[in-house]
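Read off the chains here:
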Amino acid sequence: MKFFTTAVALAATLSAAYAQNGYKGFNSGSTFSNGQNKQQVDFAYEMRAAQQLPGTNGAWTSMRLYTMIQGGTTNTPISAIPAAIETKSTLLLGLWASAPADQFQNEVTALTNAINQYGTAFTDLVTGISVGSEDLYRNSVNEVGASPQQIVDYVSKVRSAIAGTSLAGKPVGHVDTWNAFTNSANSAVISAIDFLGMDAYPYYQTSEPGGNGIGNANATFWKSYTATQAVAQGKPVWVTETGWPIIGDTLGQAVAGTDNAEVYWKETICGFTAKGINMYYFQLQSAQGQQVNPDWGIKPAGDVVQEPVRFDVSC
Ligand SMILES: *[C@@H]1O[C@H](CO)[C@@H](O)[C@H](O)[C@H]1NC(C)=O
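Quick caveat, the model's predicted, so the values are computed rather than measured.

Student: Describe in detail empty space enclosed by the protein, supporting the description with residues and values.
Tutor: This structure, assessed with the given rule, holds 1 cavity of 30 Å³ or more. Approximately 70 Å³ is the volume attributed to the largest cavity. Taken together, the elements giving at least two residues each to the lining of the largest cavity come down to helix 2 (40-51) and strand 2 (62-65). The greatest single-element share of the lining of the largest cavity, amounting to 4 residues, is contributed by helix 2.

So this is what it looks like as structure tokens:
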């Protein structure tokens with residue numbers, strides 16, 4: 001009887017955790033790697049390029065952002081918003097949270113300004129709102145991050161800011177590495193949010209039993225996802241960053257390259273999206289303006305939508 005109850009409870013937890021919307025998109029920073037600020041035309045270009053990926057039936061229609069603030073301004077809403085309205089894309093919003101309260105307030109002000117300026121044309125496109133990105137991970141390795149208490153506080157500030165607006169009711173979450181979520185020191189963040197945005201890169205998991213070669217990557221990714229689900233308090237776990245580099249150093253058994261990136265896409269990305277789990281890949285384009293290491297772009301940086309994809313991204 002006890003076993004039966006546990007089994008039923010587990011099944012209920014799994015089905016709740018798998019209640020997802022099937023969003024598919026790419027991550028997009030507010031600047032190019034040479035520091036230049038992206039403008040509306042740049043975001044619109046990326047959105048169209050994603051929608052026109054061959055063999056995907058226009059399914060890659062979402063974009064995840066890291067900040068609400070247009071580059072070069074104090075609190076002007078990011079121009080990805082009018083670009084999303086223009087291209088009929090959806091947005092996973094992000095507020096940069098590894099910052100003191102006065103700077104975080106600029107993120108909240110930009111969010112509020114966006115609601116006032118664009119109204120439901122904007123808010124109808126929002127898939128979710130992430131307070132922070134890998135802040136707990138950076139905090140754990142003594143880089144500029146944020147404590148769990150700070151993230152909980154910022155989540156409540158965002159909830160207050162959207163209460164009574166057309167964004168009320170949108171899920172408020174946090175994005176971090178899978179092992180920041182499984183670290184029990186951070187569990188207060190999980191209690192405070194509506195969804196977990198999980199970042200996981202098997203390429204970097206050099207101490208994984210079975211190795212970090214491409215042959216073990218799908219299994220490693222699933223392991224990270226299930227481990228995150230196990231601490232998610234029944235809340236949905238979205239995939240907010242993952243990918244395999246096209247160019248980069250060999251790390252342990254992990255070898256960068258187009259062939260391996262294609263294997264990762266076919267096995268892991270196709271497998272997850274087939275289950276309808278929300279997926280934000282890292283990333284669509286190579287860095288513009290300079291070669292970076294590692295380089296995750298499934299397309300070269302380019303000015304035309306027709307720039308070829310590096311491998312077959314159909315599932
Ligand atoms: C990826 O791993 C999951 C979990 O073990 C498994 O169900 C799935 O079949 C694997 N996919 C491939 C293509 O091997």
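Still more to cover.
Student: How would you explain the side chain of S314 if you had to name every residue and give the values?
Tutor: Its location among the elements puts S314 in the segment after strand 8 (279-281). For S314, a relative accessible area of 18% translates into the label buried. Leave out the neighbours within four places in its chain, and S314 touches P54, G55, W265, K266 and C270.

Student: Hey, could you go over the site of the ligand for me, with residue numbers and the actual values?
Tutor: Surrounding the ligand, one finds N218, W222 and E267. Here N218 contributes a side-chain N or O atom positioned 2.3 Å from an oxygen atom of the ligand. The fraction of the free accessible surface of the ligand (360 Å²) that becomes covered by protein chains is 39%.

Student: Could you give an account of the environment of A59, with specific residues and numbers?
Tutor: Looking at where A59 falls in the secondary structure, it is placed in the loop between helix 2 and strand 2. What makes A59 partly exposed here is its relative accessible area of 28%. Spatially, the C-alpha atoms of A59 and G22 are 9.4 Å apart, while their sequence positions differ by 37 residues.

Student: Would you mind going over the confidence of the model for the chain in detail, with residue names and values included?
Tutor: Taken as a whole, the chain shows an average pLDDT of 93; of its residues, 92% reach a score of 70 or greater. Contacts for the low-pLDDT stretch residues 1-18, under 50 throughout, to residues beyond four places or in other chains number 14 contacts.

Student: I'd like to hear about helix 2, residue by residue, with values.
Tutor: Here helix 2 spans 16 Å end to end across 12 residues, near enough to the 16 Å set by a 1.5 Å rise per residue. Within helix 2, the full set of buried residues consists of D42, F43, A44, Y45, E46, M47, A49 and A50. Among the structural elements, strand 1 (24-28), strand 2, helix 3 (80-87) and strand 3 (90-95) are those in contact with the buried residues of helix 2.

Student: Quick one: what's the story with unusual backbone geometry, residue by residue and with numbers?
Tutor: Residue Q283 is bonded to the preceding F282 through a cis peptide linkage, with omega at -5 degrees. For Q283, the position within the fold is in the segment after strand 8. Residue N293 is joined to P294 through a cis peptide bond whose omega torsion reads 0 degrees. By secondary structure assignment, the location of P294 is in the segment after strand 8. Of note in this structure, K88 is not a glycine but carries a positive phi near 55 degrees. As for its position among the elements, K88 is in the loop between helix 3 and strand 3. Taking the relative accessible area as the measure of exposure, K88 reaches 69% and is therefore exposed.

Conventions and cut-offs
Residues numbered from 1 in each chain as written. Predicted model: local features only at pLDDT ≥ 70, side-chain atom pairs only at ≥ 80, totals over all residues. Heavy atoms only, no water. 1 Å grid on protein atoms, 1.4 Å probe; cavity = no way out; pocket = protein on both sides within 12 Å on 5 of 7 lines; lining within 4 Å. Points joined across faces, edges and corners; volume = space filled by probe spheres on them. Helix = DSSP H or I, 4+ residues; strand = E, 2+ residues; numbered from the N terminus. Buried < 20%, exposed > 50% of the residue type's maximum accessible area, 1.4 Å probe, protein only. Contact = heavy atoms within 4.5 Å. Near = heavy atom within 4 Å. Polar contact = N/O pair within 3.5 Å; in protein donor to acceptor, adjacent residues only side chain to side chain. Areas by Shrake-Rupley, 256 points an atom, 1.4 Å probe, with all protein chains shown as cover. pLDDT = per-residue confidence, 0-100. Expected span 1.5 Å × (residues − 1).

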